[in-house]
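# Tertiary structure, described
Given next are the chains, with one letter for each unit.
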Amino acid sequence: MAGNTVRDEALSVCAVCLSVDNHPLYRGLVQCESCGFVWFPVSTADLNRLNVYRDEYFHGGSYPDYLTEEHALRRSFRDVLHTVRRFAPSGKLLEVGCAYGFFLDSAKAYFDVVGIDVNSTACTVAQERFGVRTIAGDFLACDFSKSQFDVVVCLATLEHLARPDLYVEKLSRLIKPGGYSVCWTIDRDALFARLSGRFWRYIYPPEHLSYFSHQTLALLLKRFGLHICFWKRPFNYRNLDVVMRKLSKSRFTEWLYTALDRSGVIRREMRVPFRDDILVIARKSLHVMDAGRE
Ligand SMILES: [Zn+2]
């Protein structure tokens, strides 16, 4: 085994397979020797101190302006909804990390929806604008009764978590036997991610902490009684300026950004060509007594 560089014991445990054998990868990331999962080790205390998901996150942080991207984001979400309904056409749906409620607003035509997000401003806006029920707070601390949802959705959420295992364990508990989890996350196994290596556009801790592949996500879901029944690399619609900002900085990309900005093209909606996200639908076993004890 390669030397374990993570000194804090809690941070050195792989959230997917619980192995403590890992090696440094690049840019502060570490990789599990056993299952290949990649993560950025950071303590909860440090994350709390950084307070990444305050209002600025949606307006000038990771998103230049989340609300101006509404049209593009809704397009991606409609595709997700269409796929989800092939498995679960209706019922009770929870979205973990619902932001401003764009997905919930589309889903409410078919599902009885509720969303939860750590950003209280986003939750209030979603509630007032779309009349959907939202809860502001930490999903792990939230008291839902178990086995009540037909579908639990996590869109662009897992990659932001230091302990995705705790989230998957909890969401699995909340899903009815035979119900579905729907996860959209970044895919380090995608061709573009593999070609980009250390320069992959999605590597930016402390926002992105967990870097899944199809294989590691399947392992984690299975640990908590969720079995993949469908997956694809979905088309992602975003505004061009957001895609440009995520590319690695070079004189060429800076020049290109400025030129596109001047022409006004930069705020156009586009289908992101990289296909480095993954959408996974997993079904909860009918006979799981409790999550994680299959
Ligand atoms: Zn592992």
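Since the structure is predicted, the reported quantities are computational estimates derived from the model, not experimental observations.

## So, the overall build of the protein chain
Regarding its fold elements, the protein chain presents nine helices and 13 strands. For the protein chain, the residues scored as buried account for 38% of the 294 residues in total. Across the protein chain, contacts joining residues at least 24 apart in sequence account for 70% of those joining residues at least 6 apart.

## Re the pairing of strand β4 (residues 91–96)
As paired elements, β4 and strand β5 (residues 111–117) share six bridges and run parallel to each other. Among the inter-strand pairings, K92 is bridged to a residue of β5, identified as D112. This β-α-β element, β4 to helix α3 (residues 102–107) to β5, shows right-handed connectivity. As paired elements, β4 and strand β7 (residues 149–155) share three bridges and run parallel to each other. Its bridge partner being in β7, L93 is matched across the sheet by V151.

## So, unusual backbone geometry
Between P205 and the following residue, P206, the backbone shows a cis peptide bond with an omega angle of 10 degrees. Structurally, P206 is set in the loop between α6 (191–196) and β9 (210–211). With a phi close to 50 degrees, R27 is a non-glycine residue in the positive phi region. When you line up the elements, R27 lands in the loop between β1 (22–24) and β2 (30–32). Phi at A156 is positive, roughly 55 degrees, even though this residue is not glycine. Inspection of the secondary structure assignment puts A156 in the loop between β7 and α5 (164–174).

## What about the sheet that holds strand β3 (residues 38–39)?
Hydrogen bonds between backbone groups are what pair the strands of a sheet, and the pairing can be parallel or antiparallel. Spatially, β1-β2-β3-β9 is the arrangement adopted by the four strands of the open sheet, whose pairing is antiparallel. Two strands in the sheet have a free side with no partner beyond their single neighbour: β1 and β9.

## Structural notes on the environment of V182
Following the sequence through the fold, V182 ends up in strand β8 (residues 175–186). Residues V182 and L279, spaced 97 residues apart in sequence, show a C-alpha to C-alpha distance of 7.2 Å. Filtering out sequence-adjacent residues up to four positions away, V182 remains in contact with V80, V84, V151, V153 and I281.

## Some words on the confidence of the model for the protein chain
In the predicted model, the protein chain carries a mean pLDDT of 86, and 84% of its residues have values of at least 70. Long-range and interchain partners of residues 1–7, a stretch whose pLDDT sits below 50, account for 15 contacts in this model, where long-range means more than four residues apart.

## Side note on the nonpolar core
Ranked by size, the top nonpolar core spans 68 residues in total, and within it W39, L93, F103, V151, V152 and V153 carry the most contacts. Mapping this core onto the domain boundaries places at least three of its residues in each of domain 1 (1–41) and domain 2 (52–236 + 277–284). The contact partners of V151, leaving out residues within four places of it in the chain, are V84, A88, G91, L93, F111, G179, Y180 and V182.

## A few points about the sheet that holds β7
With mixed pairing, seven strands are arranged side by side in an open sheet as β6-β5-β4-β7-β8-β13-β10. The open sheet has two edge strands with one neighbour each: β6 (133–136) and β10 (226–232). Neighbour to neighbour, the strand axes of the sheet diverge by 20 degrees on average, direction disregarded. As paired strands, β5 and β6 are joined by four bridges and run parallel to one another. By the bridge assignment for β6, I116 is matched with I135. Strand contacts of helix α7 (residues 214–223): β8, β10 and β13 (277–284), with the helix running at about 150 degrees to β10, the strand carrying the most contacts.

## Considerations on the environment of C183
Examined against the element boundaries, C183 turns out to sit in strand β8. For the pair C183 and L158, spaced 25 residues apart in sequence, the C-alpha separation works out to 7.7 Å. Look past the residues within four positions of C183 in its chain and what remains in contact with it is C154, L158, L217 and V280.

The rules behind the values
- Starting from 1, residues in each chain are numbered consecutively following that chain's sequence as written.
- pLDDT decides what is reported in this predicted model: residues at 70 or higher carry local features, side-chain atom pairs at 80 or more are listed and counted, and totals for whole chains, interfaces and linings draw on all residues regardless.
- Numbered from the N terminus, helices here are DSSP runs of H or I no shorter than four residues, and strands are runs of E no shorter than two.
- Using C-beta atoms placed from the backbone, we call a residue buried if 20 or more other C-beta atoms fall within 10 Å of its own, exposed if 12 or fewer do, and partly exposed for counts in between.
- Placing C-beta atoms from the backbone, we regard two residues as in contact once those atoms come within 7 Å.
- Two strands are counted as paired when DSSP detects at least two bridges linking them.
- Think of it like this: strands point away, you trace from the first strand over the helix to the second, and a clockwise trace means the crossover is right-handed.
- The predictor rates its confidence in each residue with pLDDT, a number between 0 and 100.
- By convention in this section, buried Ala, Val, Leu, Ile, Met, Phe, Trp, Tyr and Cys residues joined through C-beta atoms within 7 Å make up a nonpolar core.
- In this entry, domain limits derive from an automatic or database-based domain assignment.
- What counts as an axis is a line fitted to C-alpha atoms, over the stretch in contact for a helix, and the angles between N-to-C directions run from 0 to 180 degrees.

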